[in-house]
Amino acid sequence: MTTVDLQDYSRLFSSYTELRVQENRSVRVGFVKGNNTVNTRSTTGGVSARVYKNGSWGFASTPELQKDAIESVIKAATDNAEFLGSRREHSKGPLPVVAASHDSSFATNKPRLTQKQLVDFIKEIDDHIATRYPNLQSRTVFLNCLDMEKSVITSDGSRFTSMTPRSHIYITLCVEKDGEPVDLYQVYGGLGQFEDVFESPSVLFPGIEEQYEHLMRKREGVYADAGVRTCVLDAELAGILAHEAIGHTTEADIVLGGSVAKQLLGKEVASPLITLVDFANTALGQTCPVPVYVDDEGTKAEDAVIIDKGILKSFMHSKESASHFNVAPTGNARAYQFSDEPLIRMRNTAILPGTSKLEDMIASIDDGYYLIRSNNGEADSTSEFMFGIELGYEIKNGKLGRAIKNTTISGVAYNVLKTVSMVSDEMHWSGAGMCGKKQPIPVGMGGPAVKCQVSIGGR
Amino acid sequence: MRHDVEKDVRIAKRSLEALMKAGADKAQTNLSISEKHEMNIEAGEINLLRTTFNTSLHLGVIKDSRNGHIGISSSDEASIEKAVSDVMDIAAGAHPDEAHDIAERQEPAEFCKGPLEPDLDAMYDRLKSFVATVGQRYPTINLRQVILSFTRSNNYVMNSNGVDFKTFKGIYHFVAMFSASEDDKVSSLNGTGVSMLDLDRELIDCGSVDMLLKQSVEQTATRPIEGKFVGDVIVTPDAFGSIWGFLFGSLTDGPVVSDTSIYKDKVGELVAGPQLTLHCRPVADEIADGYFVTSDGYAAQNSTLIERGVLKGLLLGIYGSRKTGRARAVNQGGAIVVEPGNQSLSDLVRSVERGILLCRLSGGAPNSYGDFSGVAKNSYLIEDGEIKYPISESMISCNLAEAYKNITGISRERVDFGSSIIPWIALSGVTISGK
């Protein structure tokens with residue numbers, strides 16, 4: 001990313017101002033049934049300013065980084081704040097003043113691979129799948145790498161730089177059953193640039209073997225029996241539940257927009273086995289999938305404990321929402337592109353592990369389901385959620401049974417979490433998520449397996 | 001905004017020339033210069049005005065049947081020079097595939113639609129009026145996020161076969177997300193959007209905005225459906241995409257090339273009820289927010305995708321067409337116009353013995369065969385031809401490919417979203433389950 005000394009421009013700040021230079025770089029390589037259909041790189045970068053004046057915000061951005069362009073962006077953002085401010089009937093007070101300083105980089109120290117080496121890497125995985133599993137009807141292997149690099153200063157005196165990359169390989173295997181395609185996808189990878197995340201294609205092969213075995217069982221899968229059932233949601237689903245169904249309802253802007261969580265603060269909303277935290281950067285001694293040290297408003301990022309032993313404790317905040325609720329900002333304000341304004345976003349949202357063993361949880365169920373993987377998830381301000389289930393199994397008399405066809409689970413999260421009766425002692429993180437809320441943004445989700453009651457779709 | 005068209009054309013041409021000089025067999029450039037003005041309402045207040053300028057330069061090359069693409073957000077000489085060098089390396093790394101190609105030469109053309117500049121005062125006044133009207137008409141509504149924006153974009157598509165298209169477009173977009181709360185009860189988040197060429201009408205009167213606000217007020221007190229039954233579903237215009245997206249997605253390059261599309265050999269066959277005729281009309285006057293040029297570099301044309309239930313074609317681009325030997329589509333889908341039916345919406349409701357009015361769907365991605373299930377959100381139970389009450393915690397499941405064939409009626413009324421024009425469509429044979 002082009003280096004710009006932003007401090008030179010602080011003399012132009014006439015009100016609360018954030019100035020951010022950002023560059024997002026992505027690499028995409030894809031093979032569809034052996035055909036190299038995608039082979040692209042892209043870079044999107046520029047500068048933005050956001051100004052707060054008497055309760056109104058102005059924002060402006062440009063991809064140009066010359067001195068006059070940066071100056072004009074600060075002026076345009078200031079003019080925009082004044083345009084709205086001059087029409088406001090009631091002004092608002094100032095934002096909380098915070099100052100933080102930090103530099104973080106997860107860039108690799110290894111030599112960077114060329115595009116050809118990346119394409120050959122993905123091709124080797126594709127060849128392996130084609131050779132080892134000749135009965136597949138189809139396969140896709142896609143690489144997606146994203147580097148997000150930022151440099152920010154604020155009129156409060158905050159400054160930070162960050163380089164947060166992530167690298168993922170998405171593999172879908174498809175087999176035919178009675179003329180119908182049956183497929184299963186799996187994501188590999190996580191935080192870091194490609195060279196640090198993927199050592200060699202063969203490292204993925206055991207995971208692909210497991211994916212194939214699941215697919216073969218799914219090919220013989222049965223429809224789930226629709227209704228409210230006792231289920232073990234594996235770690236990936238618990239993480240999505242934490243993010244989609246609880247996390248979003250406790251983002252302070254959603255709370256102000258009428259979320260059900262507004263009425264529940266300080267109340268029992270879940271089983272005492274449930275503690276749910278939006279981690280800033282480090283959880284249980286490990287760096288999270290999307291580490292945030294200072295947010296895009298210049299606030300030091302702190303862990304936000306949302307539910308503590310079943311009690312709803314707090315919300316996630318930007319400076320403005322923290323001011324409204326008269327609490328400290330939590331460092332949750334993040335923007336996706338240089339041309340996006342910071343919004344209240346989750347970072348790494350997880351249910352904390354408990355003490356049960358997964359096998360004991362399964363053994364405790366006479367008739368239910370073990371649900372492993374989701375293909376999408378959605379929830380709303382009531383905490384009613386829906387997750388698509390890509391992979392799951394019946395549980396009969398305490399043992400895993402047949403695989404099930406794709407289905408959906410749903411429920412009201414604050415009710416479902418009250419039915420949690422066991423929480424496993426293992427923690428699993430996923431960093432492939434891209435959350436949508438006006439802008440997309442990478443998020444981490446984590447959790448143990450939880451045993452609970454949910455509605456499952458069927459036929 | 002930089003309205004220096006001549007300068008933009010020089011950049012696009014210079015990029016194309018540089019690609020050919022660097023050794024490309026074929027090349028395409030797509031330069032987009034855009035400017036967006038956006039007013040935001042957060043928690044009921046107009047609190048943010050954004051102005052963003054964007055440059056997007058996309059370069060594509062084919063060299064020895066190897067394909068490479070690069071996108072950058074700058075258009076200065078040094079950036080272009082580096083991008084040209086990089087994209088040649090990217091292409092050199094690809095595995096060859098004879099199916100990659102660029103559009104053949106067409107007559108150069110300029111396309112214009114919409115206003116050139118935003119009316120910021122009118123935008124502010126319309127938003128303020130919207131907040132006031134919602135407050136008076138629906139006092140229990142919380143406006144979670146409301147956005148009114150104007151985007152002006154100049155696009156230049158050129159390729160080494162002689163394609164030379166310029167598009168100048170200005171469009172307003174309005175998006176509203178809201179819920180209602182009464183006592184301790186909160187309705188599900190609801191929302192809709194509409195595109196328009198002017199601000200002549202009040203925002204609340206656009207698209208389905210007023211209808212959805214009214215419904216949200218009713219939806220603070222919901223009940224789950226009891227039991228499980230097979231019934232009818234009337235799909236509202238706002239829920240259309242959730243139900244019919246599977247069909248459109250299955251017609252595109254990805255599923256057809258990977259051989260996972262159940263529709264790849266269905267052209268000429270009945271794929272929906274014979275009541276359904278559906279067009280893609282990106283260049284029609286009735287579509288405010290269409291497109292003139294496909295991403296492959298063809299001048300888009302209107303087409304009929306489904307005529308009286310029969311699939312008339314796939315939605316393949318150049319690659320998918322050449323790879324599979326099937327016809328290339330004359331557009332890239334979208335801009336959907338569904339022909340109206342011959343029943344009123346109230347007649348459609350009256351014809352339902354037991355079912356739901358599906359206003360929004362929170363659904364899992366269907367599998368490749370179309371099996372799917374999802375939660376009916378912001379929706380209503382229909383019994384004995386009457387809308388009974390708003391529902392919650394109720395799911396629907398079906399095979400979408402089968403459901404498309406079970407159309408029992410299409411309404412005369414349609415909603416104009418600016419980017420599509422959609423009626424209410426009733427389907428039978430859907431499994432509906434509650435608690």
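Residues numbered from 1 in each chain as written. Chains lettered and ligands numbered in written order. Predicted model: local features only at pLDDT ≥ 70, side-chain atom pairs only at ≥ 80, totals over all residues. Heavy atoms only, no water.

(A) Quick look at the pattern of salt bridges. Inspection of every chain in the model, using the stated rule, returns 66 salt bridges over all chains. Of the charged contacts in the structure, one is a salt bridge between R322 of chain B and D101 of chain B, with a shortest N-O distance of 3.2 Å. Separated by 221 residues along the polypeptide, R322 of chain B in helix α7 (residues 318-324) and D101 of chain B in the loop between α2 (77-92) and β4 (109-113) bring together distant segments of the chain. By relative accessible area, which is 43% here, R322 of chain B ends up partly exposed. Of the charged contacts, one joins R281 of chain B and E286 of chain B as a salt bridge, the two residues approaching to 2.3 Å between their closest N and O atoms. Take E286 of chain B: its relative accessible area is 31%, and that puts it in the partly exposed class. Three or more residues joined by partner-sharing salt bridges are found here, namely D340, E341 and K438 of chain A together with K36, E38 and R50 of chain B. (Salt bridge = Lys/Arg side-chain N within 4 Å of Asp/Glu carboxyl O. Helix = DSSP H or I, 4+ residues; strand = E, 2+ residues; numbered from the N terminus. Buried < 20%, exposed > 50% of the residue type's maximum accessible area, 1.4 Å probe, protein only.)

(B) Representation of the packing of helix α2 (residues 115-132) of chain A against helix α4 (residues 205-219) of chain A within the structure. All names here are of chain A. Two elements in contact, α2 and α4, have axes whose closest approach is 12 Å; the angle formed by their N-to-C orientations is 45 degrees. One way to sum up the angle between α2 and α4 is to call them oblique. Here α2 and α4 pass one another in a crossing that is right-handed. For the pair α2 and α4, contact is made by I125, H128, I129 and R132 and by F205, I208 and E209, respectively. (Axes fitted to C-alpha atoms, helices over the stretch in contact; angles between N-to-C directions. Parallel < 35°, antiparallel > 145°, perpendicular 65-115°, else oblique. Left-handed = near helix turned anticlockwise from the far one by under 90°. Contact = heavy atoms within 4.5 Å.)

(C) Structural detail: the environment of I234 of chain B. Residues and elements named next belong to chain B. With respect to the element layout, I234 can be found in strand β10 (residues 228-235). Owing to a relative accessible area of 0%, I234 belongs among the buried residues under this scheme. Considering only alpha carbons, one finds I234 and S379, 145 residues apart in sequence, at a separation of 9.9 Å. In contact with I234, not counting residues within four places along its chain, are L348, V349, V352, I356, L357, L358, I382, W424, I425 and A426.

(D) Region of interest: the nonpolar core. Residues I243, W244, Y263, L276 and L358 of chain B are the most contacted members of the largest nonpolar core, which totals 62 residues. It is strand β22 (residues 421-433) of chain B that contributes the most residues to this core, 7 residues altogether. (Core = buried A, V, L, I, M, F, W, Y, C linked by side-chain atoms within 4.5 Å.)

(E) Expanded view of the sheet that holds strand β16 (residues 348-351) of chain A. All names here are of chain A. Strand order in the open sheet formed by 6 strands is β13-β12-β9-β16-β23-β22, with mixed pairing between adjacent strands. Each edge of the open sheet is held by one strand with a lone partner, namely β13 (311-312) and β22 (428-437). Relative to strand β23 (residues 439-447), β16 is paired through 3 bridges, and the arrangement is parallel. Across the sheet, A350 pairs through a bridge with G446, a residue of β23. On top of the sheet, helix α5 (residues 235-247) reaches β9 (276-279), β12 (304-308), β16, β22 and β23; it is set at about 130 degrees to β23, its chief contact. (Pairing = 2+ DSSP bridges.)

(F) Geometry of unusual backbone geometry. With a phi angle near 55 degrees, D178 of chain A is a residue other than glycine that sits in the positive phi range. By secondary structure assignment, the location of D178 of chain A is in the loop between β6 (159-177) and β7 (180-191). Although it is not a glycine, D259 of chain B adopts a positive phi angle of roughly 70 degrees. The topology assignment puts D259 of chain B in the loop between α6 (253-257) and β11 (278-280). Owing to a relative accessible area of 22%, D259 of chain B belongs among the partly exposed residues under this scheme.

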